Amino acid sequence: TVASFDCCRFVIKGSLAGAAVYVAYDQGLLGSGTQGAEALRKAQEALPPVIQEWTSYIGWELPPTPKFDFSLSDSWNKGVQTVMSALSVAPTRACEYTEEGWKYVKDLVK
């Protein structure tokens, strides 16, 4: 019936989601920034040979993968610093904008 089919789909999707979370945790992607960067480095080293072997087995030819010089931890740290900087000046900016708003309203009322 339809209910049992929906139940099976739910179980399959839940199992796949659980497996994905387990693999991410097992590989260190849910740990600290250094663990995540290490897992990303491992993936960058392991995936191209596997993909090349798979495509040669099937008979496809893919263009070479581009090389990126990208540090995940540096980007994360820069993002955190930008957000914290914005939050630290937020009260001052809010006061300035409030004063400008009141001045604008007073000028309109005159």
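Calculation criteria
Throughout, residues of each chain are indexed from 1 in the direction in which the sequence is written. Selection of residues for local features in this predicted model requires a pLDDT of at least 70, selection of side-chain atom pairs for listing and counting requires 80 or more, and totals for whole chains, interfaces and linings are taken over all residues. In computing side-chain properties, one takes all heavy atoms of the structure into account and sets aside hydrogens as well as water. Counting from the N terminus, the helices are the DSSP runs of H or I reaching at least four residues and the strands are the DSSP runs of E reaching at least two. Note that accessible areas follow from Shrake-Rupley with a 1.4 Å probe, and for residues the cover is restricted to the protein chains shown. Distance thresholds for patches are 9 Å for like charges and 5 Å for nonpolar side chains (Val, Leu, Ile, Met, Phe, Trp, Tyr), applied to residues having over 30% relative accessible area and no salt bridge. By definition here, a salt bridge exists when the distance from a side-chain nitrogen of Lys or Arg to a carboxyl oxygen of Asp or Glu is within 4 Å. Confidence scores labelled pLDDT are given residue by residue by the predictor and lie between 0 and 100.

Describe the overall build of the protein chain, listing the residues and the values that go with them.
A tally of helices and strands in the protein chain yields 3 helices and 0 strands. Listing each helix as α and each strand as β along the protein chain from the N terminus yields α-α-α. Counting only carbon and sulfur atoms, one obtains 66% of the accessible surface of the protein chain, whose full area is about 10,000 Å².

Residues and numbers for a nonpolar patch on the surface, please.
Residues Trp102, Tyr104, Val105, Leu108 and Val109 make up a contiguous nonpolar surface patch of roughly 600 Å² in combined accessible area. Looking at the element boundaries, Val105 is found in helix H3 (residues 72-109).

How would you sum up the confidence of the model for the protein chain? Please name residues and give values.
Per-chain confidence: the protein chain averages 76 in pLDDT, with 81% of residues scoring 70 or above. Helix H2 (residues 33-58) is the least confidently modelled element of the protein chain, averaging 72 in pLDDT, while H3 averages 83, the highest of any element.

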